[in-house]
Amino acid sequence: MSGKGVLTKSVGVIDANADIVFEVLLNLDRHQRYEWDMLTVDLVLVDSLDGHYDIVYGTYDPKYFPGWYSKRDFVLARQWFRGQDGTYTILQFPSTHKKRPPRSGYRRTKINPSTWEIRRLNTPMASNTARCLVTHTLEMPSTSWFTWKNNHHSKFENSVPFVLLCQVAGLKEYIGANPALKFEASSTVVHSTSSEGSVSNTEYEDTEVRDEFYDAISGDSLSEDEDSDDDNDAELDKKDKKVKLKNVSWAITSLALKRISALDANKELDLNASPVNVDPSQFHCSMHQGKDKKDTNCWTTLDGAGFMIRGKTYLEDNYKVMGGDPLLKLIAVDWFKADNTMDKIALHPKSLVQIPAKPNYSLVLYYAADRPVNKNSLLGKFVDGTDMFRDSRFKLIPSIVEGYWMVKRAVGTKACLLGKAVTCKYLRQDNFLEIDVDIGSSSVARSIIGLVLGYVTSIVVDLAILIEAKEETELPEYILGTIRLNRVKLDSAIPLQG
């Protein structure tokens, strides 16, 4: 069960490219829809925005709902995006639109929130057949679920779970019966989580197919209802106590896994220099540090055990290990709002992640090292490198520990190269490096944040930042910094004048 209701889920493997399945799901053509969708009768496009968001008007077929004695219609908002690993996610939730007021002869229904996830599966080298895993998840109000279980348990064919199964099965049969679909060109505009304005450069292009950005595992963010079917995707090598990931976005971390030790990250700092005492209590910023789990509108520190990163032998066996303690210490957090977007905050009299909204919000994270950076290390190359090199290596791993299930689905737990997803600006000064992450530069990221902000006061999110290791000498990876944000309040942001 989720915080809002009961989640029902239908899963199927379809012998087709994920692009094709996505096209069919998004297509509103009446004749095609009738071939596989037993739930809806007609769908009509009402409005569209940014190539990844639209409003749809539709009607239900009442024969699958015996308790309905009148025709029903609805207004649906759909939002979709393509992850850096090629996984498609479609979010569907109730909406309204002035072009579609209540219709005579129909009873307006508020649809239940739902999602589609289309994830490609690895196939044998000798096989030319593409395959993908399709997951359809729908939230039912608790009262409706228990009413059905108590009164209609013998009539499964009249239930919503049955309809979900039929939708996935119908999709599978329709695509299987129409091989010509595999040769049709894609016509839908899809924005990936890569930045629309990014520039490719072969020197920094990530050509690794096997990594697929499924880097994060957080046991606390799992629920038995949502994610139990993905457990088999994680292979445990008990001898080496490592986890090997193949096309998984969720897995179990309550296993005895090898962790990156502090010694593995020490090569990044100059061990010949005397350490300095970095005391967070000496810094006073706008967001306070939480004292315990019950504290809200605050930040806390955490280790890297909840995040999976590349191990020493990653280039040979694709193994990942649990992250260790972060190299940098989080010493303070600011929570600002301003009328305009901001950068070079470190130079402001009052000082990284800008959240698109009105007003503009900026979350500023201050990290410090207790020793100078080793100039020859990966961190040294990142600090003093080019912006293009930084964009190709700066990686974020998110994890919604507590929060609404659809927010979890939208955010995910997959690592993201921020420089490829959104615009990042860098400011290098004598004793610091500032990274300004403009989430509003990506329409996809902007829409996801819009969803998150609607539930932000009930969300607990863990973040890890790191520099991606691509060479053997750079392995194993290490966590650069972490933070936990606990139920942040928008109205607590401090106004910042330009």
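Cut-offs used in this document
- Per chain, residue numbering runs from 1 following the sequence as it is written.
- Owing to the predicted nature of the model, reporting of local features is limited to residues with pLDDT of at least 70; listing and counting of side-chain atom pairs is limited to 80 or more, with chain, interface and lining totals taken over all residues.
- Side-chain measures were taken over the full set of non-hydrogen atoms in the model, leaving aside hydrogen atoms and water.
- Secondary structure elements are taken from DSSP: a helix is a run of H or I of four residues or more, a strand is a run of E of two residues or more, and numbering for both begins at the N terminus.
- A 1.4 Å probe rolled over the protein chains alone gives each residue an accessible area, and that area as a share of the maximum for its type sets the label: buried under 20%, exposed over 50%, partly exposed in between.
- The Shrake-Rupley method, run with a 1.4 Å probe sphere, supplies the accessible areas, and residue values consider only the shown protein chains as cover.
- Residues adjacent in sequence count toward polar contacts only when both atoms are side-chain atoms; beyond that, a polar contact is any pair of N or O atoms within 3.5 Å, and within protein one must be able to donate a hydrogen and the other to accept it.
- Contact criterion: two residues are considered in contact whenever any of their non-hydrogen atoms come within 4.5 Å of each other.
- One bridge is not enough; two strands pair if DSSP finds at least two bridges between them.
- Think of it this way: a Phe, Tyr or Trp ring, Trp meaning its six-membered ring, pairs with another when their centres are within 6.5 Å, and the plane angle makes it stacked under 30 degrees, edge-to-face over 60, tilted otherwise.
- pLDDT is a residue-level measure of predictor confidence that goes from 0 to 100.

**Student:** Residue-level account of the overall build of the protein chain, with values.
**Tutor:** A count of helical and extended segments in the protein chain gives 12 helices and 23 strands. The buried share of the protein chain, reckoned over its 498 residues, is 51%. For the protein chain, the accessible area works out to roughly 24100 Å², and carbon and sulfur atoms hold 51% of it.

**Student:** Lay out helix α1 (residues 18-26) with the relevant residues and their values.
**Tutor:** Most of α1 is tucked away: eight of the nine residues are buried. Every buried residue belonging to α1 is among A18, I20, V21, F22, E23, V24, L25 and L26, and all of these are buried. Its side-chain oxygen at 2.7 Å from the backbone nitrogen of D19, N17 defines the N-terminal cap of α1.

**Student:** Can you lay out the side chain of Q32 for me, pointing to particular residues and giving the numbers?
**Tutor:** Secondary-structure assignment places Q32 in helix α2 (residues 30-36). Take Q32: its relative accessible area is 14%, and that puts it in the buried class. Not counting residues up to four positions away in its chain, the partners in contact with Q32 are V24, N27, Y174 and L181.

**Student:** Got a sec to walk through the sheet that holds strand β21 (residues 460-467)? Specific residues and values, please.
**Tutor:** Read from one edge of the open sheet, five strands run β11-β22-β21-β17-β18, paired in antiparallel fashion. For this open sheet the edge positions go to β11 (298-300) and β18 (416-417), each flanked by a neighbour on one side alone. Taken together, the two bridges between strand β17 (residues 394-402) and β18 define a ladder with antiparallel strand orientation. Bridge pairing in β18 links L396 to C416.

**Student:** Can you break down the packing of aromatic side chains residue by residue, with the values?
**Tutor:** Evaluated as defined, the whole model comprises seven aromatic pairs. On the basis of an interplanar angle of 15° and a centroid distance of 5.2 Å, the ring pair of W335 and Y361 is categorised as stacked. Grouping residues by exposure puts W335 and Y361 together as buried. Measuring from centroid to centroid gives 6.2 Å for Y404 and W405, while their planes differ by 75°, and the two rings are edge-to-face. Here Y404 and W405 have matching classes, each one buried. An aromatic cluster of three or more residues is present, and its members are F382, F394 and Y426.

**Student:** Give a description of the confidence of the model for the protein chain that names residues and reports values.
**Tutor:** Considering every residue of the protein chain, the mean pLDDT works out to 77; 73% of them sit at 70 or more. Of all secondary-structure elements in the protein chain, the lowest mean pLDDT belongs to strand β10 (residues 242-245), at 36, while helix α9 (residues 387-393) reaches the highest, 95. Below a pLDDT of 50 lies the segment residues 191-258, which in the model reaches 181 contacts outside its immediate sequence neighbourhood of four places, other chains included.

**Student:** Talk me through the side chain of S377; I want residue IDs and the actual numbers.
**Tutor:** Within the element layout of this structure, S377 appears in the loop between β16 (360-368) and α8 (378-384). You can call S377 buried: its relative accessible area is 5%. Side chain to side chain, S377 and E268 meet in a polar contact 3.3 Å long. Among the polar contacts made by the side chain of S377, one reaches the main-chain carbonyl oxygen of N374 at a distance of 2.6 Å.

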